[in-house]
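The lines below spell out each chain.
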Amino acid sequence: PTRCRSMRVRSVWWQRPVGPCTNWGSLRQERVDVNLEIDTVQTYVRHAMGQMVEVAERLGDDLLNERPVGDETNAVGALIVHCCELTNFWLAHVAGGQPTERNRDAEFEQVSTVAEVREMVERTLEATRGDLERIAIGDTDADPVLRQFLPGGDESDDSLVLHVIEELFQHLGHMEITADVLLAR
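Along each chain, numbering runs from 1 in the same order as the chain's sequence is written. pLDDT decides what is reported in this predicted model: residues at 70 or higher carry local features, side-chain atom pairs at 80 or more are listed and counted, and totals for whole chains, interfaces and linings draw on all residues regardless. Hydrogens and waters are ignored; side-chain quantities use all the structure's heavy atoms.

## Here we look at the pattern of salt bridges
Okay, step 1: Note on definitions: salt bridges are taken to be side-chain nitrogens of Lys or Arg within 4 Å of carboxyl oxygens of Asp or Glu. On inspection of all chains with the given rule, the structure shows ten salt bridges.
Okay, step 2: The closest approach of N and O atoms between Asp-39 and Arg-129, which form a salt bridge, is 2.7 Å. Of this pair, Asp-39 sits in helix H1 (residues 38-64) while Arg-129 sits in helix H4 (residues 114-136), and the two are 90 residues apart along the sequence.
Okay, step 3: The classification of residues rests on relative accessible area computed with a 1.4 Å probe and restricted to protein chains. Under 20% of the type maximum is buried, over 50% is exposed, and intermediate values are partly exposed. Of the residues examined, Asp-39 reaches a relative accessible area of 27% and is grouped as partly exposed.
Okay, step 4: Looking at Arg-129, the relative accessible area reads 24%, which means it is partly exposed.
Okay, step 5: Between Arg-129 and Glu-133 there is a salt bridge; the shortest N-O distance is 3.1 Å. Here Glu-133 and Arg-129 lie together in helix H4, a separation of four residues that amounts to about one turn.
Okay, step 6: Assessed through its relative accessible area of 34%, Glu-133 is described here as partly exposed.
Okay, step 7: Beyond isolated ion pairs, a larger network of salt bridges with shared partners links Asp-39, Arg-129 and Glu-133. Going along the chain from the N terminus, every DSSP run of H or I of four or more residues is numbered as a helix, and every run of E of two or more is numbered as a strand.

Listed below in C-alpha cells is the structure:
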C-alpha cells in the first residue's frame, strides 16, 4: 500500500485516575502525541459510514425515514444525512475554510431512500480524502469560533479530525439502536 502523509496529533487529551485505579473521581488530564496516517483516518471514516449504509439496508426504504419514538427522535436516514453534512462541515469548512450553506436543522427532516443515502455516503467519502490531504499538508484556515467547541481546548486540525470520527461512531450507535427498535416492532 502507498504510504500517505502523516497527521501528527500533538495534543490529544488523555485522562487517567490520580492514585488507585478505583479512584475515577479525580482524573488528571495530560497531552500525549499520536501519529495518524491519512489512510488510517480514511479507514475509520469509511468503516463508520459503511456500517451506516448497512443499517440503512437492514431497514430498507420502508423504515429508513421512520422515527423510532415520535418526533423527538431521529430517523436513521436523517442521521446518515447529518453525518455526511457534519463530515463536510468540519473538514471542508471549519478546517479548510471553504464556504458553507449548511442547515443543520434541515438535515434531521430530510427524507431519503437507501440508494440516495448510499450515494451521499460515497460522495462524502470522496470529498473526505481530499479534505484530509489538505489538512495533512497544512492547507487549512483555522476557524477559532467553531474550534473553541473541540474537547480540552485543543483547536488543532488534528483534534478536529478526531472530533469527526467521534461524531460518526456516536451517531452510528444511535442508528444501530434505532434500527433494533424499529425492527423489533
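What follows continues from the structure just given.
## Quick notes on the side chain of Arg-147
Okay, step 1: Within the secondary structure, Arg-147 is located in helix H5 (residues 144-147).
Okay, step 2: Under the relative-accessibility criterion, Arg-147 is labelled buried at 2%.
Okay, step 3: Residues adjacent in sequence count toward polar contacts only when both atoms are side-chain atoms; beyond that, a polar contact is any pair of N or O atoms within 3.5 Å, and within protein one must be able to donate a hydrogen and the other to accept it. Of the polar contacts made by the side chain of Arg-147, one reaches the side chain of Asp-157; its length is 2.7 Å.

## Let's talk about the packing of aromatic side chains
Okay, step 1: Between 30 and 60 degrees the pair is tilted, below 30 it is stacked and above 60 it is edge-to-face, where a pair is any two Phe, Tyr or Trp rings, Trp via its six-membered ring, whose centres lie within 6.5 Å. If you walk through the whole model with that rule in mind, you get two aromatic pairs.
Okay, step 2: Aromatic pair Phe-89 and Trp-90: ring centres 6.0 Å apart, planes at 90°, arrangement edge-to-face.
Okay, step 3: Note on Phe-89: relative accessible area 12%, which makes it buried.
Okay, step 4: On the accessibility criterion, Trp-90 (11% relative accessible area) is buried.
Okay, step 5: Positioned above the aromatic ring of Phe-89 is the side chain of Arg-102, whose terminal nitrogen or guanidinium carbon lies 4.9 Å from the ring centre. By definition, being over a ring means that NZ of Lys or CZ of Arg is both within 6 Å of the ring centre and within 35 degrees of the ring normal.

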